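One letter stands for each residue in the lines below.
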Amino acid sequence: MRIKLTSIMVDDQDKALKFYTEVLGFQKKHEIPVGEYRWITVVSPEGPDDLELSLEPNANPAGKTFQQALFAQRIPATAFEVTDIAQEYARLKERGVGFTAEPAARGAVTIAVFSDTCDNLIQLYQPI
């Protein structure tokens, strides 16, 4: 058993695709119409091409409630590993990304948290 696909709920698929590709630097892998929405996945240019993140519409009321509760409690919806958190923080700040937590050591990792503009907080972490 392997993890090949994970998803994050977004309030607007077009806005999310633009943010995750143009700002974060991921690459679009799939964009397939599925009724009213699309199945959109992105991959990291630094990671395996077969590990995908789905930008899932938050049309399900239960999912939207969960997403809003995480955001309100300042809990990241997911986390991305980086090799140099200071460099990544500076790069994303330069691109206008809003951070809710600057890089800080937390045990065996250094973390930072930012908003993805789609109602999610995302944690960056660098193992120490």
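Calculation rules
- Residues numbered from 1 in each chain as written.
- Predicted model: local features only at pLDDT ≥ 70, side-chain atom pairs only at ≥ 80, totals over all residues.
- Heavy atoms only, no water.
- Pairing = 2+ DSSP bridges.
- Helix = DSSP H or I, 4+ residues; strand = E, 2+ residues; numbered from the N terminus.
- Axes fitted to C-alpha atoms, helices over the stretch in contact; angles between N-to-C directions.
- Contact = heavy atoms within 4.5 Å.
- Phe/Tyr/Trp six-rings, centres within 6.5 Å; stacked < 30°, edge-to-face > 60°.
- Buried < 20%, exposed > 50% of the residue type's maximum accessible area, 1.4 Å probe, protein only.

Q: Describe the sheet that holds strand E5 (residues 78-81), naming the residues involved and giving the relevant values.
A: The 4 strands lie next to each other as E5-E8-E7-E6, forming an open sheet whose pairing is mixed. The strands lining the two open edges of the sheet, one partner per strand, are E5 and strand E6 (99-106). Going across the sheet, the axis of each strand differs from the next one's by a mean of 20°, ignoring polarity. For E5 and strand E8 (residues 121-127), the ladder comprises 4 bridges, and the chain directions are parallel. Looking at E8, one finds that Thr78 is bridged to Ile122. Where helix H3 (residues 85-94) meets the sheet, its contacts fall on E6, strand E7 (109-115) and E8, and the angle it forms with E6 comes to roughly 175°.

Q: Mind laying out the packing of aromatic side chains, listing which residues take part and the relevant values?
A: Considering all chains together, one arrives at 6 aromatic pairs under this definition. Plain terms: the ring middles of Phe19 and Tyr20 are 5.7 Å apart, the flat faces sit at 75° to each other, and that makes the pair edge-to-face. Residue Phe19 is classed as buried on the basis of its relative accessible area of 7%. An angle of 40° between the planes, with centres 6.3 Å apart, marks the rings of Phe19 and Phe114 as tilted. You can see Phe19 sitting in helix H1 (residues 13-23) and its partner Phe114 sitting in strand E7, a full 95 residues away along the chain.

Q: Go over the sheet that holds strand E2 (residues 27-34) with me, naming the residues and quoting the values.
A: Strand order in the open sheet made by the 4 strands is E1-E4-E3-E2, with mixed pairing throughout. Of all strands in the sheet, those with a lone pairing partner are strand E1 (5-10) and E2, marking the two edges. Here the strands of the sheet are splayed against their neighbours by 25° on average, with no regard to which way each runs. Relative to strand E3 (residues 37-43), E2 is paired through 7 bridges, and the arrangement is antiparallel. Looking across to E3, one finds that Val34 is bridged to Tyr37. With respect to the sheet, H1 is in contact with E1, E2, E3 and strand E4 (52-57), its orientation differing from that of E3 by roughly 10°.

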